[in-house]
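Given next are the chains, with one letter for each unit.
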Amino acid sequence: MQALIEKLDNLSLEEGLKYITENYNNVVFSSSFGQEDQVITDAIFRNDLNIRVFTLDTGRLFQETYELMDSTKTKYKKEFETYFPNTARVEALVKEKGFNSFYFSVENRKECCFIRKIEPLKRALAGAEIWITGLRSEQSENRADMKIVEWDEGNKVIKYNPLIHWTYEQVLDYLKANRVPDNPLHRKGFISIGCLPCTRAIQEGENPRAGRWSWEASQKECGLHS
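Residues numbered from 1 in each chain as written. Predicted model: local features only at pLDDT ≥ 70, side-chain atom pairs only at ≥ 80, totals over all residues. Heavy atoms only, no water.

### A short note on the nonpolar core
Counting 46 residues, the largest nonpolar core has L13, L17, I44, I132 and Y160 as its most contacted members. If you tally residues by element for this core, the top one is helix 3 (residues 35–46), at five residues. The residues touching L17, leaving out its near neighbours within four places in the chain, are A43, I44, L49, I51, I132 and Y160. Ranked by size, the runner-up nonpolar core spans ten residues in total, among them L121, A124, A128 and V157. (Core = buried A, V, L, I, M, F, W, Y, C linked by side-chain atoms within 4.5 Å. Buried < 20%, exposed > 50% of the residue type's maximum accessible area, 1.4 Å probe, protein only. Helix = DSSP H or I, 4+ residues; strand = E, 2+ residues; numbered from the N terminus. Contact = heavy atoms within 4.5 Å.)

### Topic: helix 4 (residues 63–76)
For helix 4, built from 14 residues, the straight-helix expectation of 20 Å at 1.5 Å per residue is met to within 8% by its first-to-last C-alpha distance of 20 Å. Those residues of helix 4 not exposed but buried are T65, L68, M69, T72 and Y76. Here the buried residues of helix 4 occupy an arc of 105° about the axis, which is enough to place them on one side. Turned more than 90 degrees off the buried face of helix 4, the exposed positions are D70 and T74. Packed against the buried residues of helix 4 are helix 3 and strand 2 (52–56). The positive-phi residue at the C-terminal boundary of helix 4 is K77, with phi of around 55°. (Expected span 1.5 Å × (residues − 1). Arc of directions from axis to C-beta.)

The structure is reproduced here in structure tokens:
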């Protein structure tokens, strides 16, 4: 693993993605259509790389996110897979606890995240050898020590974080230089965008993840990258 870390640390985004596809099988990329993910999507689609792109539709996303999904398909003329929560589990949760149980405790919120995100992710990652993410170290304290390559024990997969050392300014510069579509909510203070009821705009000086589950005193993670 250390040799792979050292190799990828010295490659550009495009070089790293190409190296991964040339040396590993069943490489996948999970996109939530945030700005970091749009950078990686552009690099994958523009270079026609053999990487399966997928997203998780929780059923509670912003309309702007759905519109960005369509505009991304239109721009690149490429397909991505969409994974949805198990219908029976969502129905059971709503019947037992209502539509907004996540507001009442961290445990309730994590239960909703598990049903709407974690379980679909496990289905999407089944059989994958490399999982590419858009994580950056400056996004939050608990991501600060993440490396460019890690072993994800929960999903039994190598996780590749090609933007882990990028700054937010580098992300914005890439999007502008390559005319990559992004979510208009970003220009309204929504830096990290998840489900609509669980996301707010951040104030100046706040951590980028402060707008996620803002009523909680937690690590601001849904469990996808814990």
